[in-house]
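Geometric and topological summary
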Amino acid sequence: MSSPSRAIVNSLVAAILILSIGSCNTASNVYATKNARPNAIDFESKISNPFLKDRVDVTSCYVGDADGLLRVQVNISNTTSANALYMYKFTWYDASGLKVSNNSDFWTRRELNGGASSEIVGLGPNKATVDWRLEIRPWDR
Amino acid sequence: MPVSASVSAPFSARFVLALVFTSLACSACNTPPKRIDPTGPEAITTEQIDYSELREFADSLTQEMLTDGFLNAYPKPVIMQVSTIENKTSISTINTEMVLGRIRTMLRKDNRVRFVATLGNDARDSSVRENTQLGNDPMFNQQQAAERTAQGTATVPMLSVNTQILSAYERTNNVRQTNYEMRMWIVDLRNGETVWEGFSNAVGKKR
């Protein structure tokens, strides 16, 4: 093989290696979450927490099956020393991305003590539910 | 001081007060109604059970029931009736149907449970029984009356649902607290055994 064609082959091999390393990084990022145990899922795209992020911080998220229904657990911690009042709401979606009409999309109010950790748990309304979103926001007494 | 000034001063103060109160009352009357999310940040918090808490009771109890696994021992859908709904708090205005209706709706959506409207104490439909008499009424099509009325075809429930809304009152010198929760238990009507029971999340109110 001539030196120009060898150079082309080498470039191709290098490009494939770079691409494969890149794809490995992408795959691992999907599951990389803060302070997470194994099997935690990426939650950045599923949780909306624009106002309380500095106080009620989502640390990890788990999804499982509970008797055929989608079950979600979002672990949170209060990073400050003051109590935090927050409310949350789950919205559920089917495989087509359509909202599952249900009676669970209401705001639930909670209080999280300063420095404490807790869980927000939701259960999909039926077996067609495959996806979810969670909103967290503050509330006043 | 002139006599007229000493007499008129108190009257003018009353007049001003009356004017202020009237204007305040009018401004309150003129406040336009505003539509809000009934469980959202604008919803008020009272000393009693609020709407969002009724929703929370229903949601947490349904989650408990559906994830317990006891329904797997029964055919799908299992037929239920609502037997008792007791308000055991001092609040007379709790809308127990709002909680129970949501539990029923959520269970129905999961397709594992169906309720009868012929027995029990919630969402009864007396027309099922009334319609059984149509076969004796010459006004109605007798063939349809035979086909469409419950003549030996009404479903017999297998499970019975019972609910209680409970409260516990606590008080120290200056502070009083009431805790509320909802209890639910399900009885197998074939043998009278309680096959499931659970409590909702508790809600505490302090003042």
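Note: the structure precedes this text.
Residues numbered from 1 in each chain as written. Chains lettered and ligands numbered in written order. Predicted model: local features only at pLDDT ≥ 70, side-chain atom pairs only at ≥ 80, totals over all residues.

1. So, the sheet that holds strand S6 (residues 117-123) of chain A
All names here are of chain A. As summarised here, the arrangement of the three strands in space is S2-S3-S6, forming an open sheet in which the pairing is antiparallel. Every other strand in the sheet has two partners, leaving strand S2 (56-66) and S6 as the edge strands with one partner each. Geometrically, the sheet is characterised by an average inter-axis angle of 20 degrees between neighbouring strands, direction not taken into account. Note: S2 against strand S3 (residues 69-78), ten bridges, orientation antiparallel. Looking at S3, one finds that Cys61 is bridged to Val74. (Pairing = 2+ DSSP bridges. Helix = DSSP H or I, 4+ residues; strand = E, 2+ residues; numbered from the N terminus. Axes fitted to C-alpha atoms, helices over the stretch in contact; angles between N-to-C directions.)

2. Here's the deal with the nonpolar core
All names here are of chain B. In this structure, Phe57, Ala58, Leu61, Val99, Ile103 and Met182 are the most contacted members of the largest nonpolar core, which totals 24 residues. Sorting the residues of this core by element identifies helix H2 (51-68), strand S1 (78-87), helix H3 (96-109), strand S2 (113-115), strand S3 (159-171) and strand S4 (176-188) as the ones contributing at least two each. By residue number, the principal contributor to this core is H2, which donates six residues. Leave out the neighbours within four places in its chain, and Val99 touches Leu54, Phe57, Ala58 and Met182. (Core = buried A, V, L, I, M, F, W, Y, C linked by C-beta atoms within 7 Å. Buried ≥ 20, exposed ≤ 12 C-beta atoms within 10 Å, placed from the backbone. Contact = placed C-beta atoms within 7 Å.)

3. Thoughts on H3(B)
Residues and elements named next belong to chain B. For H3, built from 14 residues, the straight-helix expectation of 20 Å at 1.5 Å per residue is met to within 8% by its first-to-last C-alpha distance of 20 Å. What H3 keeps buried is the set Val99, Leu100, Arg102, Ile103, Arg104, Met106 and Leu107. Where H3 is buried, its residues contact H2, S1, S2, S3 and S4. Looking at the residues trailing H3, positive phi occurs at Asn111, about 65 degrees. (Expected span 1.5 Å × (residues − 1).)

As far as function goes, none of this settles anything; it's purely spatial.
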